[in-house]
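# Structural overview for review
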Amino acid sequence: MMNGESPQDATANYADNRASPSTNPVAPMRGVSDGKTATAMSTHKGTTGTIFEAAFVDPAYTWPPAEGQGKNAIELQASTALIKSVAPNDRLDELDDDEVSLTPSMMSSDDEGAATTSPRSRRNVQTTTTTTTKKRFGCCNSSTNEQIISANSSNDLVSKSSSFGSRFSKKGSKAERRAERQRRIIAKKKKRRREARARERYRRVPEGILIYRLDTSDRTITLVSGPSSNTDMNTLMTKMVVINAKPSSDISRRGIILTGVRGEIHTVVACEQRTAIAWLESMDMMLASSPNDATRAAMENQLGEGVAMNRVLSQKSTRSNWAKGKESKLSQTERDQIEERYVNLAAYSNNLIRAGAFPNSNANSQGKGKAAGGGGGIYYTVTQIHDDGEEYDEETLESIAKRRAVIKDSWDFFRMVCSLLRDKRKYDEVFRKLQLDPVYSYLNSMTGLNDPGDDMAMGGNIGADKPITQMHLTEYDDMSNSQIAKDLVRRAEVALPSLVEICKALAGSLGMEEVGVGPVKDASSALRKAEKKYEGDVLKVTDYCRALLVVKDFPTLLALLELARDSFGPLIRRVKLSTLKSDRNAKPGGYRDCIINLELKDHICEIQIHMWPMWVICGVDGFRHYRHCLEYSTDTFGDPYEALAGLDRKTMAELIVMAEEAVADMPLETLEWYHEKFILDYFAEVGLFLHHGLHEWAETTLRALIKLRCQSPDIGPDHHETITLYKYLEQALRAQKRIDEADEVAAKIAEYKQLKTNEKVEADKSTWDQWVTEPFESIVDPNKKEREEEERIKKEVRASKKAWRKIREERFRFLDAN
């Protein structure tokens, strides 16, 4: 930068001066903007590929910059290029701007010599780029143009009045030659305008940002913007032929470590998380393919002609995850199709994000529309390819949208599984702590009324064997199930006022945390429940009239049971305590509660009694949690990431796109401990990273989540959620062969397990020690251990009952009056 020159002017002058050779270290980039040097690689005959342009952080700067400057600068701009069967001499620049919009790397420099080349058979194909803007939250539709790299570029357009290839025939008329010259003049003017636009495009890039272009057809990454005022020109990466790419351990999770064909190593850090993910995935696909002529030419250009490249080229099969397993058997055509689908989805998702199409805006954003991620326009971009006389492929955009909808549904389901199993672990941990209550042993020894439970392994009943039912009236013999259900609903409405009075009395005496009554279950819901649980018997549905009470702890539950027995004992038909027993299974999803059924007005009603520590986990959504766990059998999963088993690599990559879409409003470095929604999103994404081989990014995300959990006042470093994250961190570290660090994490997990075990088995320790120290006596009397265990349990129950009497005297003295 010259003295007195602003950074913006320096950037502009740099872009203008790149066309001429100089001693500047950035000189190897010459020709990228003017479309003369780098185009042969992208338009090499028979090559396919994708061109990305994205914003990266200048190593001399930090990101995001102060006060958000440059935050909304250029981000991922990707579209399929798949430049099939295009030779360097094909004059793509003769197409009208309305027909196709090209980036500089696709512009041919051989226009002058094109007319003298020998004619060859060409397929007459037109390439059309259309961009449609739709606003889902508005009342209008509009259309606009957006720069996009075309797919399957065409050969020369041939006049329909002449035969194929006759344009350059020696028998051509003088008028035809004149028209050809005029056409070439117009084409050159269009080309110059495009080159000027390309030079102008990155003249005013914000300070601290570098724009790189990735061309997967020849595996090159090229700098296309100018430097900033503090850029280190000696270490600036200007062009590289990539032979390896992997995630970096950058705490922002936006870094990629690149290895070039000459052995050089550079780390680039993207301005957006999704940029780094899309680039790395595309490069992984790129490196799995066999090198084409364009790649070999690019490598020779960097290494020099005649240099043996067999060693470099042979590395492709060992460096890429797409070259392993069943993906290694994919043909090049299949790889191209997968790449095209992935890039279309990534670009489509990026457009939605930048348009502010999602209602979940950043919690810190105060504005609306795009700035806040609110409901803005949704921009669709699609390149259409058709033969002359054929219809446009109007289904291309629709197919991308449909594919995104399918992947979005899959992501939502996987995230739901993560949420359900997270809550199940919370329920299990809460129940473990509740069992430490001094009165629990007494409660655990109690026997419910008409309560065989639902656990068949413990002698429980299935739905059809339910011990209580609604009263069977003689008129029901001539009624259908639907009519019976409607009559039961009517009876429930009659009984509801009595249930309300009982719940008010209980709540007033015990000071309930929360009380709820009704609504009465409708007939259609009762019919569905009867069909699902009771083989269609609607009389076994006993929660037409229902209420819920939330008690603070086990002593309050014991007081409620005693108060109910003394107040309306003759009306009680069932007391179900089975799910609160230590030797019984919980309900699907881990939930545990107590149920009292009583008969009011000749109708059986239900009071659900919830424990406050369990209730606060899901609140009123607890039933939905139970229903989903039952429907999807989530209790069969030991690990939520098991839900990803069997998915192919292509689907996994697309799911990661959806994950980044979900967290677009909350980059990892801005996440706070109270952002529960985004913490769950990132936790689900960790599973995708682990299954996709992106262990570095899994580690980075896990360390950030562990830090947040340690900062949370409700969780902390020794909480079971934090330890769960440590388990996955150990897995990520071992996958990276970082054994020492993994062993340190494993030791912390073992310490936590030992602590919890000591809390639970302290009472059993003396019995076990006696069994070990007196082996002979145990052999002579093999039933001694069982007798001692029974005696220990009796002692625990007596001590627990004593503790309950003390608490009863202190907190529930009014029970004696009853």
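Residues numbered from 1 in each chain as written. Predicted model: local features only at pLDDT ≥ 70, side-chain atom pairs only at ≥ 80, totals over all residues. Heavy atoms only, no water.

### As for the overall build of the protein
Convention followed: Under the DSSP-based scheme used, a helix requires at least four consecutive residues in state H or I and a strand at least two consecutive residues in state E, with every element numbered from the N terminus. Burial classes: relative accessible area under 20% of the type maximum marks a residue as buried, over 50% as exposed, and values in between as partly exposed (1.4 Å probe, protein chains only). In this description, accessible areas are obtained by the Shrake-Rupley approach with a 1.4 Å probe, and a residue is regarded as covered only by the protein chains that are shown.
Regarding its fold elements, the protein presents 25 helices and 15 strands. Taking all 818 residues of the protein together, 51% fall into the buried category. When the accessible surface of the protein is summed, it comes to about 39300 Å², and 50% of that surface belongs to carbon and sulfur atoms.

### Structural notes on the pattern of salt bridges
Rules: Here, a salt bridge means any Lys or Arg side-chain nitrogen found within 4 Å of an Asp or Glu carboxyl oxygen.
The tally for this structure, following the rule as stated, stands at 40 salt bridges. Glu669 serves as the salt-bridge partner of Arg254, at 3.2 Å between the closest nitrogen and oxygen. Placement of the pair is Arg254 in the loop between β7 (239–247) and β8 (255–260) and Glu669 in the loop between α17 (649–662) and α18 (676–692), with a sequence separation of 415 residues. A residue is classified by how much of its surface remains accessible, and Glu669, at 35% relative accessible area, is partly exposed.

### Re the pairing of strand β5 (residues 209–215)
Convention followed: Strands were regarded as paired on the criterion that DSSP finds at least two bridges between them.
Where burial is concerned, most of β5 is hidden: seven out of the seven residues are buried. When β5 meets strand β6 (residues 220–223), the two strands line up antiparallel, connected through four bridges. Across the sheet, the residue bridging to Asp215 is Thr220, located in β6. Linking β5 to β6, which pair antiparallel, is a turn of four residues; within it Arg219 sits at a positive phi near 65 degrees.

### So, the sheet that holds strand β15 (residues 603–611)
The line we're drawing: Interaxial angle, 0 to 180 degrees, is taken between N-to-C directions of lines fitted to C-alpha atoms, where a helix line uses only the stretch in contact. Contact criterion: two residues are considered in contact whenever any of their non-hydrogen atoms come within 4.5 Å of each other.
Spatially, β11-β12-β15-β14-β13 is the arrangement adopted by the five strands of the open sheet, whose pairing is mixed. Single-partner strands in this sheet number two, and they are β11 (514–517) and β13 (572–576). Here the strands of the sheet are splayed against their neighbours by 15 degrees on average, with no regard to which way each runs. Two strands pair when backbone bridges link them, and β13 and strand β14 (residues 594–600) are joined in this way by four bridges, in the antiparallel orientation. Its bridge partner lying in β14, Lys576 is registered against Ile595. Of the strands in this sheet, β12 (546–551), β13, β14 and β15 touch helix α14 (residues 554–568), which is tilted by about 15 degrees from β14.

### Looking at the pairing of β14
The side chains of a regular strand alternate between the sheet's two faces. For β14, the buried fraction is high: seven of the seven residues fall into the buried class. Because side chains alternate across β14, one face comprises the buried residues Cys594, Ile596, Leu598 and Leu600, and the other comprises Ile595, Asn597 and Glu599, equally buried. Sheet analysis places β14 next to β15, joined by seven bridges and oriented antiparallel. The residue bridging Glu599 from the neighbouring strand is Ile604, located in β15. The loop that links β14 with its antiparallel partner β15 comprises two residues; one of these, Lys601, has a positive phi angle of about 55 degrees.

### Describing the environment of Thr447
Inspection of the secondary structure assignment puts Thr447 in the loop between α11 (440–445) and α12 (481–510). For Thr447, a relative accessible area of 73% gives the class exposed.

### A look at the side chain of His692
Short version of the rule: Contacts described as polar in this section are N or O atom pairs within 3.5 Å, which, within protein, must combine one atom able to donate a hydrogen with one able to accept it, while residues neighboring in sequence count only if both atoms come from side chains.
You can see His692 is positioned in helix α18. Among the residues examined, His692 registers a relative accessible area of 1% and is labelled buried. A polar side-chain atom of His692 sits 2.8 Å from a polar atom in the side chain of Glu281. Leave out the neighbours within four places in its chain, and His692 touches Glu281, Asn321, Arg649, Met652, Ala653 and Ile656.

### Concerning the environment of Cys605
With respect to the helices, strands and loops of the structure, Cys605 is situated in strand β15. For Cys605, a relative accessible area of 0% corresponds to the buried category. Linking Cys605 and Leu499, residues 106 residues apart in sequence, is a C-alpha distance of 7.7 Å. If near-sequence neighbours (up to four positions away) are discounted, Cys605 is found in contact with Ala495, Leu499, Thr542, Cys545, Ile596, Asn597, Leu598 and Leu600.

### Quick notes on the packing of aromatic side chains
Aromatic ring pairs: the centre-centre distance and the angle between the two ring planes describe each pair. Which entries qualify depends on this criterion: Here is the rule: rings of Phe, Tyr and Trp (six-membered ring for Trp) pair when centre to centre is within 6.5 Å. Planes less than 30 degrees apart are stacked, more than 60 are edge-to-face, and the remainder are tilted. Lysine NZ or arginine CZ positioned within 6 Å of the ring centre and within 35 degrees of the ring normal marks a charge as sitting over the ring.
Within the structure shown, the criterion is met by 17 aromatic pairs. Among the aromatic side chains, those forming a connected cluster through ring pairs are Trp411, Phe414, Tyr641, Phe683 and Tyr728. The residue whose ring lies beneath Arg592 is Phe431, and the NZ or CZ to ring-centre distance is 3.9 Å.

### Concerning the nonpolar core
Applicable threshold: The term nonpolar core refers to a set of buried residues drawn from Ala, Val, Leu, Ile, Met, Phe, Trp, Tyr and Cys, joined through side-chain atoms within 4.5 Å.
Grouped together as the largest cluster of nonpolar side chains are 80 residues, with contacts concentrated most on Tyr212, Leu258, Trp279 and Met283. Leu434, Ala507, Ala530 and Val575 belong to the second-largest nonpolar core, a separate cluster that totals 66 residues.

### A short note on unusual backbone geometry
A positive phi is found at Arg219, a non-glycine position, where the angle reads about 65 degrees. With a phi close to 65 degrees, Lys737 is a non-glycine residue in the positive phi region. The topology assignment puts Lys737 in the loop between α20 (720–735) and α21 (739–761). You can call Lys737 exposed: its relative accessible area is 70%.

### Quick word on helix α13 (residues 523–533)
Spelled out, the test is: By arc we mean the arc of the directions from the helix axis to the C-beta atoms, nothing more.
Turning to α13, its buried residues number three or more, namely Ala523, Ser525, Ala526 and Ala530. Viewed along the axis of α13, the buried residues span an arc of 160 degrees, placing them on a single side of the element. Exposed positions of α13 whose direction lies more than 90 degrees from the buried face are Arg528, Glu531 and Lys532. Residue Glu535 follows α13 closely and has a positive phi angle near 55 degrees.

### Regarding a positive patch on the surface
For the record, the criterion: A residue counts toward a patch only above 30% relative accessible area and without a salt bridge, and it is joined to like-charged neighbours within 9 Å or, for Val, Leu, Ile, Met, Phe, Trp and Tyr, to nonpolar neighbours within 5 Å. His is not counted, nor are the chain ends, whereas Lys and Arg count as positive and Asp and Glu as negative. Taken as the charge location is NZ of Lys, CZ of Arg, CG of Asp or CD of Glu.
Taken together, the side chains of Lys174, Arg177, Arg178 and Arg181 define a basic patch exposed on the protein surface. Position of Arg177 relative to the elements: it lies in helix α4 (residues 174–201).

### A look at helix α6 (residues 293–303)
Spacing of three or four residues puts side chains on the same side of an α-helix, whose turn is 3.6 residues. All of the buried residues along α6 are Ala294, Thr295, Ala298, Met299 and Gln302. An end-on view of α6 places all buried positions within 135 degrees of arc, on one side of the element. One side-chain oxygen at the N-terminal end of α6 lies 3.1 Å from the backbone nitrogen of Ala294; it belongs to Asn292. Positive backbone phi, approximately 100 degrees, marks Gly304, located one or two places after α6.

### Quick word on the packing of α18 against helix α19 (residues 695–711)
When two helices pack together, their arrangement is given by the angle between the helix axes and the distance between those axes. Definition in use: Any angle that falls under 35 degrees is termed roughly parallel, while one over 145 is termed roughly antiparallel, one within 65 to 115 roughly perpendicular, and all others oblique. Should the near helix be turned counterclockwise from the far one by less than a right angle, the crossing is left-handed, whereas a clockwise turn marks it as right-handed. Here the nonpolar group is Ala, Val, Leu, Ile, Met, Phe, Trp, Tyr, Cys and Pro; Asp, Glu, Lys and Arg are the charged ones; every other residue, Gly included, is treated as polar.
Following both chains from N to C, one finds α18 and α19 inclined at 150 degrees, their axes separated by 9 Å at the closest point. Classed by the angle they form, the pair α18 and α19 counts as roughly antiparallel. Read as a crossing pair, α18 and α19 show a hand that is left-handed. Residue-level inspection shows Glu676, Ile679, Tyr682, Phe683, Val686, Phe689 and Leu690 of α18 in contact with α19, the latter providing His695, Trp697, Ala698, Thr701, Leu702, Leu705, Leu708 and Arg709. The residue inventory of the contact of α18 with α19, partitioned by class, reads 11 nonpolar, two polar and two charged.

### Focus: the state of the cysteines
Stated formally: Disulfides are defined as pairs of cysteine sulfur atoms found within 2.5 Å of each other.
Tallied over the full model, the rule gives zero disulfides. Here Cys545 stays free of any disulfide, with the sulfur of Cys605 as its closest cysteine sulfur at 3.7 Å.

### So, the environment of Tyr682
Within the secondary structure, Tyr682 is located in helix α18. Setting aside anything within four residues of it in sequence, one finds Tyr682 in contact with Arg253, Gln273, Val663, Met666, Pro667, Leu668, Leu671, Thr701 and Leu705.

### Description of the confidence of the model for the protein
Test applied: Across the chain, each position has a pLDDT score giving the predictor's confidence in that residue, from 0 to 100.
Scored by pLDDT, the protein has a mean of 75; 69% of the residues are at 70 or more. Under a pLDDT of 50 for its full length, residues 1–45 has, in the predicted model, 95 contacts with residues more than four places off or in other chains. With pLDDT under 50 throughout, residues 361–392 is counted as low confidence; its partners more than four residues away or in other chains account for 93 contacts.

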